[in-house]
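Residue-level structure breakdown
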Amino acid sequence: MSDWIELERRCLACQKCALADTRTNVVFGKGPRDARIVFIGEGPGENEDLRGEPFVGRGGQLLDEMLSLIGLSREKNFYITNIVKCRPPQNRDPLNTEQDACVGYLWEQLELLRPRVVVCLGRIAAMRLIKPDYRITKEHGQWVERDGVFYTAIYHPAALLRDPSKKPDTFADLRSIRAKLRALCPEVYS
Ligand code: URA
Ligand code: SF4
């Protein structure tokens, strides 16, 4: 626990990139620190910046509703955070230099959490965590194993709000995530 406190303190005071100048709050992450599954977005939006919590706008609401259908909640059993912890102005994609500056915090979070399953929310997170040429339309829902950790990506909830015809694919991916959790860490559902 002391490691978490020290990490969060360091992150909340961070000035390593220019996003520090325009943020209201650093958005560190949310969820139980013994979670077996972690969801990772690209970076905070306006609501997240104002509240200091990840995925609390319309997209976040949709995500929570969908995840509750497979028995997951940020109160009980998943952790959620972003590649960059401060909001990019006008919600632009985080620059590679900003991601490089920030992603170390994510690695430290993952080292402390030691999840079995990592789900990227959208292309930006998947390009950083799965492979640089990740194609979300083609490759969402596919699994990659690395050192006993299973990685996948689903559409970003903002993409589902823009284009609801993507929802059936995402529900199929969520069923696959549930099956993976049941196989790897049944305690999530016990
Ligand atoms: N979009 C993201 O990628 N992350 C958030 O926290 C909110 C919106
Ligand atoms: Fe630091 Fe990350 Fe915020 Fe940049 S985005 S100031 S690296 S916490």
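Since we're looking at a predicted model, the values are computed, not measured. (Residues numbered from 1 in each chain as written. Chains lettered and ligands numbered in written order. Predicted model: local features only at pLDDT ≥ 70, side-chain atom pairs only at ≥ 80, totals over all residues. Heavy atoms only, no water.)

Here we look at the site of ligand 2
- Around ligand 2, the structure places Cys14, Lys16, Cys17, Leu19, Ala20, Arg23, Lys85, Cys86, Ala101, Cys102 and Tyr105.
- When atom positions are compared with the pocket grids, ligand 2 is found to occupy the largest cavity.
- Of the residues in the shell around ligand 2, the class split is eight nonpolar, no polar and three charged. (Near = heavy atom within 4 Å. 1 Å grid on protein atoms, 1.4 Å probe; cavity = no way out; pocket = protein on both sides within 12 Å on 5 of 7 lines; lining within 4 Å. Sits in = over half its atoms within 2 Å of the grid points. Nonpolar A, V, L, I, M, F, W, Y, C, P; charged D, E, K, R; others polar.)

Side note on the pairing of strand E3 (residues 117-121)
- Within E3, five of the five residues are buried, leaving the element largely enclosed by the surrounding structure.
- Alternating positions in E3 separate into two faces, Val117, Val119 and Leu121 on one and Val118 and Cys120 on the other, with burial throughout.
- In this sheet, E3 lies alongside strand E1 (residues 37-41) in parallel orientation, the contact comprising four bridges. Note on E3: the bridge partner recorded for valine 38 is valine 118.
- Sheet topology note: the E3/strand E5 (residues 149-154) ladder contains five bridges and is parallel. (Buried < 20%, exposed > 50% of the residue type's maximum accessible area, 1.4 Å probe, protein only. Helix = DSSP H or I, 4+ residues; strand = E, 2+ residues; numbered from the N terminus. Pairing = 2+ DSSP bridges.)

Focus: unusual backbone geometry
- Look at asparagine 91: it is not a glycine, yet its phi comes out positive at around 55°.
- With respect to the helices and strands, asparagine 91 occurs in the loop between strand E2 (78-82) and helix H4 (96-113).
- Using a relative accessible area of 45% as the deciding quantity, one classes asparagine 91 as partly exposed.
- Unusually for a residue other than glycine, arginine 114 sits at a positive phi of about 50°.

Looking at the sheet that holds E2
- Across the sheet, which stays open at both edges, the five strands sit in the order E2-E1-E3-E5-E4 with mixed pairing between neighbours. Each edge of the open sheet is held by one strand with a lone partner, namely E2 and strand E4 (144-146). On average, each strand axis in the sheet is inclined to that of its neighbour by 25°, with strand direction left out of account.
- Across three bridges, E4 lies against E5 in antiparallel orientation. Paired with valine 144 across the two strands is tyrosine 151, which belongs to E5.
- Here helix H8 (residues 167-184) sits on the sheet and contacts E1, E3 and E5; the angle it forms with E5, its principal contact strand, is near 165°. (Axes fitted to C-alpha atoms, helices over the stretch in contact; angles between N-to-C directions. Contact = heavy atoms within 4.5 Å.)

As for the pairing of E2
- Among the five residues of E2, five are classified as buried, and the element is accordingly described as predominantly covered.
- Burial along E2 is two-sided: Phe78, Ile80 and Asn82 facing one way and Tyr79 and Thr81 facing the other are all buried.
- As defined by bridge partners, E1 adjoins E2 across five bridges and the pair is classed as parallel. Of the residues in E2, the one forming a bridge with glycine 41 is asparagine 82.

Details of the packing of aromatic side chains
- Enumeration over the complete set of coordinates arrives at three aromatic pairs.
- Relative to phenylalanine 28, the ring of tryptophan 4 lies with its centre 6.1 Å away and its plane at 85°, an arrangement referred to as edge-to-face. Here tryptophan 4, found in helix H1 (residues 2-12), pairs with phenylalanine 28, found in the loop between H1 and E1; they are 24 residues apart in sequence, far enough to count as distant.
- Residue class for tryptophan 4 comes out buried when judged on its relative accessible area of 4%.
- On the numbers, 5.7 Å between centres and 45° between planes, the contact of tryptophan 4 with tyrosine 79 is tilted. Of the two residues, tryptophan 4 is situated in helix H1 and tyrosine 79 in strand E2; the sequence distance between them amounts to 75 residues. (Phe/Tyr/Trp six-rings, centres within 6.5 Å; stacked < 30°, edge-to-face > 60°.)

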